[in-house]
Amino acid sequence: MILVYLCALGRIAKMEIPRLGECKFDERDGCYVSEPISLAVMNRKKCRILVEGYDEDPPVEDFHEAISNFLEAPSTVLMAAEPHSFKYYLDVKASIEPEDDFPSIGSPSEIWPFVQLRGEAIVSRRPYGDNGIYISLECNCDWEPEHGLQIVFKNGAVVNKIGPYDGHLTNSDAYADSALENVVYR
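A brief report on the enclosed structure follows. Keep in mind that this is a model prediction, so the values were computed, not measured.

### Focus: helix α1 (residues 60-72)
Next, step 1: Compared with an ideal rise of 1.5 Å per residue, which puts 13 residues at 18 Å, α1 spans 19 Å between its outermost C-alpha atoms and is within 8% of the ideal.
Next, step 2: Along α1, the positions that sit buried rather than exposed are F63, H64, A66, I67, S68, F70 and L71.
Next, step 3: Packed against the buried residues of α1 are β2 (12-17), β5 (37-39), β6 (45-52), β7 (115-125), β8 (133-141) and β9 (149-154).

### Observations regarding the side chain of H64
Next, step 1: Take H64: it is sitting in helix α1.
Next, step 2: On the basis of relative accessible area, H64 is assigned to the buried category, the value being 19%.
Next, step 3: Reaching out from H64, the side chain makes a polar contact with the side chain of Y54 at a distance of 2.6 Å.

### Quick look at the packing of aromatic side chains
Next, step 1: Throughout the structure, instances matching the rule amount to 9 aromatic pairs.
Next, step 2: A centroid spacing of 5.8 Å and a plane angle of 75° characterise the contact between Y88 and W143, whose relative ring orientation is edge-to-face. With Y88 in helix α3 (residues 82-95) and W143 in the loop between β8 and β9, this residue pair connects regions lying 55 residues apart in the sequence.
Next, step 3: Measuring from ring centre to ring centre gives 5.8 Å for Y88 and Y185, while their planes differ by 45°; the resulting arrangement is tilted. Taken together, the residues Y88 in helix α3 and Y185 in the segment after α4 (171-175) connect sequence positions 97 residues apart.
Next, step 4: On the basis of relative accessibility, which here comes to 3%, the residue Y88 falls in the buried class.
Next, step 5: Put simply, the rings of F86, Y88, Y89, F102, W143 and Y185 touch in pairs and so form one group of aromatic residues.
Next, step 6: Here R186 stacks its cationic end above the ring of Y175, 4.4 Å away from the centre of that ring.

### Quick look at the environment of V77
Next, step 1: Relative to the helices and strands, V77 resides in helix α2 (residues 76-79).
Next, step 2: When the C-alpha positions of V77 and V41 are compared, they lie 6.9 Å apart, and in sequence the two are 36 residues distant.
Next, step 3: If we skip the residues at most four places from it in the chain, V77 touches V41, F153, A157, V158 and V159.

### Re the side chain of N171
Next, step 1: Residue placement: N171 occurs in helix α4.
Next, step 2: Only 2.9 Å separates the side chain of N171 from the backbone oxygen of V183, close enough to count as a polar contact.
Next, step 3: Within the structure, N171 has its side chain in polar contact with the backbone oxygen of V184 (distance 3.1 Å).
Next, step 4: Non-local contacts of N171, meaning those with residues more than four positions away in its chain, are made with K161, L180, V183, V184, Y185 and R186.

### Section: the pattern of salt bridges
Should the charged atoms of two oppositely charged side chains come close, the side chains can pair.
Next, step 1: Throughout the structure, instances matching the rule amount to 13 salt bridges.
Next, step 2: A salt bridge links R28 to D26; its shortest N-O distance comes to 3.7 Å.
Next, step 3: R28 sits in the exposed class, given a relative accessible area of 68%.
Next, step 4: Judged by its relative accessible area of 18%, D26 is buried.
Next, step 5: Between D29 and R28 there is a salt bridge, with the nearest N and O atoms lying 3.6 Å from each other.
Next, step 6: Each of R126, D130, K154, D173 and E181 takes part in one network of salt bridges that share partners.

### Some remarks on α3
Next, step 1: The end-to-end C-alpha distance of α3, which contains 14 residues, comes to 20 Å, matching closely the 20 Å that a straight helix rising 1.5 Å per residue would cover.
Next, step 2: Here the buried face of α3 lies against α2, β8, β9 and β10 (158-163).

Reading the values: rules and limits
Residues numbered from 1 in each chain as written. Predicted model: local features only at pLDDT ≥ 70, side-chain atom pairs only at ≥ 80, totals over all residues. Heavy atoms only, no water. Helix = DSSP H or I, 4+ residues; strand = E, 2+ residues; numbered from the N terminus. Expected span 1.5 Å × (residues − 1). Buried < 20%, exposed > 50% of the residue type's maximum accessible area, 1.4 Å probe, protein only. Contact = heavy atoms within 4.5 Å. Polar contact = N/O pair within 3.5 Å; in protein donor to acceptor, adjacent residues only side chain to side chain. Phe/Tyr/Trp six-rings, centres within 6.5 Å; stacked < 30°, edge-to-face > 60°. Lys NZ or Arg CZ within 6 Å of the ring centre and 35° of its normal. Salt bridge = Lys/Arg side-chain N within 4 Å of Asp/Glu carboxyl O.

Below is the structure:
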C-alpha cells in the first residue's frame, strides 16, 4: 500500500517507500527523508536515507531494488573496498606534513575505525552513463577532516567510488572521462 499526502504546492508531503517506511518530503533539500535506519554495511550504525527524484523519475522499482540491496549489504561489501580507502589515506598522508594527531594506519583492514558515518545516505539516479540508482554515504575520516570520505554504492550493492566528498556518483562523472567508469578510487 502506498501512503501519500499532498502538500499545498501539489508536492507529496509523505510517501511510504518500501523498506524505508513513511518518508517526509523536505522542501529545502527537495527529497524524501526517512527516519534513521540501521545499516548492516556500517556495523548497524543508523542514518537517515534521502531519496532524490523518487516521484518524478520512474521506474520507482529501480529505487526499491537499490534501497533493498543497500539495507541488506553486509560489511564484506566495505571490506572489498578497503584497498581503495587505504590508497586514499596514503595519498593524503603523502601530500601533507603529518602532525602528531594524524592517524597511523598500517594496512587496509585497519581503515574503518577511523571513519565515522555523518548521518545520511543519498539515493539518486545517475544523470549520465547508465542512469542507474546510486547511494552515496558522506563520512568523516580522521585523516582528511576537511573533505571527508565519500563512499558510493552502485545499485546499493557494490562500492563503485571512494574518495574525498565531491558529490559525484562515479569517477567517470567527476572527471568527465568514460575511461574511469570502473575506477573506484582516483
